[in-house]
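Take a look at the letters that make up each chain.
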Amino acid sequence: MPRLGFEYRQQRLYCEEVSLDDLARDLGTPCYVYAASPIVANYRAYSGALPRPHEIHYSVKANSSLGVLGLLARAGSGFDIVSGGELFRVLQAGGDASKVVFSGVGKTVEEIEYALRAKIGVFNCESEAELLLLNQLARRLDERPRAALRVNPDIDAETHPYIATGLREHKFGVEMEQAEGIYERHAALSHVRLEGVSCHIGSQIFDTGAFFEALDKVIALALGLRKRGFNIRYLDLGGGLAVAYREQDAGPSVGDYASALADALEGKDLTLLLEPGRSIVAQAGVLLTRVLYRKRTGGKEFVIVDAAMNDLIRPALYQSYHEIIPVVRSSGRAMVRADVVGPVCETGDFLARDREMDDVEPGELLAVSTAGAYGFVLSSNYNSRPRPPEVLVEKDRFQVIRERETYEDLIRGERVGENKPTGKRNKAGDGEES
Ligand code: LLP
């Protein structure tokens, strides 16, 4: 099921109790719309089913809007972050710093210090150098954070090559063969409690067998280390399950996954950490867009809409499929095979290609489905297009959780500059080049 919280009532598409054509009339298009209830329900599905003890860290990169983070913080979720900016968002949204895990291959000194001062829960270190830097900065700030080493289990997860991360040639983590040596050398760091092993093999992985191959490897590593006296207490298995983007697909079930995890971890005395992103928010969001024009050229039909690759880049970047459905349905309407394209000046600007769809007319509204994850977060101002608003619907109420950008927003912090550049330093230090 590619949509959760969206359904037709008398031929009009609703998000929870709010009609999407009313919403589009009020707020304009393009516009992201999220259903609150399924986001919370998806989180609860994990928290209710995963073996205990566990910690769930919603992966902020999937959808980092304050409204969405606030919803999950109130439901009790922790957060997986990959930047200082994401930490700032989590704190602004009322998230609990002690439930934050910081992943990422390139953490800067400033970011690590910010996270140490905020007293986050765990650092997932992706190299020996980062672990040593963490120890040094923690000593300076008189902190003693919990940390894990992210290992790369060398597993070929079948997913798009841009989002597979678990092969040894990928930039993430350290090779399994190096991991033991790093633990050996740094088990007794003065200011870091190296108590975990983490991995993340990729996103949108349909075959959960790949997760268990990875889990077996990290369990073996953790138990081996423990036998040699290391205090390994938890395993972080990275991201969550894949989701269905097409009506006929079914994503893996949280219940089945959780019970297989419970079997694998039975009797091991290890806390499980999970960082689901997509499976919490993807199906609970749509991108609303209006048809601007129809045209037929080069023997092809085009549906030209007001949303573009700058609003939703997934089709262009990962050749991903998003269902596109009319907001107001009419029965018995003709179908057409068309490309759904936006106004951006690139041939790569498409939301769908060769799509069998309703033969829609200019002025009609479409909903691009399964756009709640990696949608708005990957948007840009390319072609100087203001980014769309985001709306969170809860039952019969909605809130604009992010305003539509204005032209003024587009140039914030910019200046035309004068003839002579200012602020340029020379040896005399007078700001002028001699
Ligand atoms: N943890 C780590 C360390 C990650 O790198 C990721 C995703 C996650 C957790 C969350 O994984 P999920 O539960 O969402 O599968 N932009 C791409 C997806 C990039 C995923 C990057 N890492 C897309 O639109 O498909």
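Description of the structure in this document. Computed from a predicted model, the values in this text were never measured in an experiment.

Right, let's get into the site of the ligand. Of all residues adjacent to the ligand, which total 17 residues, the nearest are Ser203, Glu275, Arg314, Tyr318 and Tyr374. A distance of 3.4 Å separates a nitrogen atom of the ligand from a polar atom in the side chain of Asp80. Here the shell around the ligand is composed, by residue class, of five nonpolar, six polar and six charged.

The next subject is the pairing of strand 4 (residues 31–35). Taken across its five residues, strand 4 has five buried, putting it largely inside the fold. Both faces of strand 4 are covered, namely the face carrying Cys31, Val33 and Ala35 and the face carrying Tyr32 and Tyr34. As defined by bridge partners, strand 4 adjoins strand 14 (residues 285–297) across four bridges and the pair is classed as antiparallel. Paired with Val33 across the two strands is Val286, which belongs to strand 14. Summarising the sheet, strand 4 and strand 20 (residues 390–394) pair through four bridges and their orientation is parallel. Pairing of Tyr34 across the sheet is with Leu392, part of strand 20.

Now for the packing of helix 6 (residues 128–141) against helix 7 (residues 176–186). It is at 11 Å that the axes of helix 6 and helix 7 come closest, and there the two elements cross at 20 degrees. On the basis of their axis angle, the class for helix 6 and helix 7 is roughly parallel. Seen along the crossing, helix 6 lies across helix 7 with a hand that is right-handed. In this structure, helix 6 contributes Glu128, Leu131 and Leu132 to the contact, and helix 7 contributes Ile182, Arg185 and His186. In the contact of helix 6 with helix 7, the residues fall into three nonpolar, one polar and two charged.

Turning our eyes to something else, we now look at the sheet that holds strand 2 (residues 12–15). With antiparallel pairing, three strands are arranged side by side in an open sheet as 1-2-3. Pairing within the sheet leaves two strands with one partner each, and these edge strands are strand 1 (6–9) and strand 3 (18–19). Across two bridges, strand 2 lies against strand 3 in antiparallel orientation. Each residue of the ladder has a partner; that of Cys15, found in strand 3, is Val18.

One finds Phe123 and Tyr183 to be the most contacted residues of the largest nonpolar core, which totals 102 residues. Here this core gets ten residues from one element, more than from any other, and that element is helix 8 (residues 209–227). With residues up to four places along the chain from it excluded, the contact list for Phe123 reads Phe102, Ile112, Ala115, Leu116, Leu134, Pro145, Arg146, Ala147 and Ala148. Ranked by size, the runner-up nonpolar core spans 18 residues in total, among them Leu13, Leu23, Val286 and Ile325.

Along the chain, the position of Ser198 falls in strand 11 (residues 193–198). The contact partners of Ser198, leaving out residues within four places of it in the chain, are Asn124, Ala148, Leu149, Arg150, Val151 and Asp236.

As for its placement among the helices and strands, Gly28 is situated in the loop between helix 1 (20–27) and strand 4. As a C-alpha pair, Gly28 and Leu272 span 244 residues in sequence and 43 Å in three-dimensional space. For Gly28, the contacting residues outside a window of four places in its chain are Leu23 and Arg404.

This part covers the packing of aromatic side chains. Per the stated rule, a full pass over the model turns up six aromatic pairs. Summarising the aromatic geometry, the rings of Tyr32 and Phe376 are spaced 6.0 Å apart at their centres and angled 85 degrees between planes, so their arrangement reads as edge-to-face. Highlighted residues: Tyr32 in strand 4 and Phe376 in the loop between strand 19 (365–368) and strand 20, separated in sequence by 344 residues. Tyr32 gets classed as buried once you look at its relative accessible area, which sits at 0%. Here a set of aromatic residues connected by ring pairs shows up, and it is made of Tyr32, Tyr34 and Phe376. The positively charged end of Arg246 is found above the aromatic ring belonging to Tyr321, 3.9 Å away from the centroid.

With that out of the way, let us pick up the environment of Ala282. Structurally, Ala282 can be placed in the loop between helix 10 (278–281) and strand 14. The buried category is assigned to Ala282, whose relative accessible area is 0%. As for Ala282 and Val393, which are separated by 111 residues in sequence, their C-alpha atoms are 15 Å apart. When neighbours within four sequence positions are excluded, Ala282 is seen to be in contact with Val243, Tyr245, Thr370, Ala371, Gly372 and Ala373.

The rules behind these values
Residues numbered from 1 in each chain as written. Predicted model: local features only at pLDDT ≥ 70, side-chain atom pairs only at ≥ 80, totals over all residues. Heavy atoms only, no water. Near = heavy atom within 4 Å. Polar contact = N/O pair within 3.5 Å; in protein donor to acceptor, adjacent residues only side chain to side chain. Nonpolar A, V, L, I, M, F, W, Y, C, P; charged D, E, K, R; others polar. Buried < 20%, exposed > 50% of the residue type's maximum accessible area, 1.4 Å probe, protein only. Helix = DSSP H or I, 4+ residues; strand = E, 2+ residues; numbered from the N terminus. Pairing = 2+ DSSP bridges. Axes fitted to C-alpha atoms, helices over the stretch in contact; angles between N-to-C directions. Parallel < 35°, antiparallel > 145°, perpendicular 65-115°, else oblique. Left-handed = near helix turned anticlockwise from the far one by under 90°. Contact = heavy atoms within 4.5 Å. Core = buried A, V, L, I, M, F, W, Y, C linked by side-chain atoms within 4.5 Å. Phe/Tyr/Trp six-rings, centres within 6.5 Å; stacked < 30°, edge-to-face > 60°. Lys NZ or Arg CZ within 6 Å of the ring centre and 35° of its normal.

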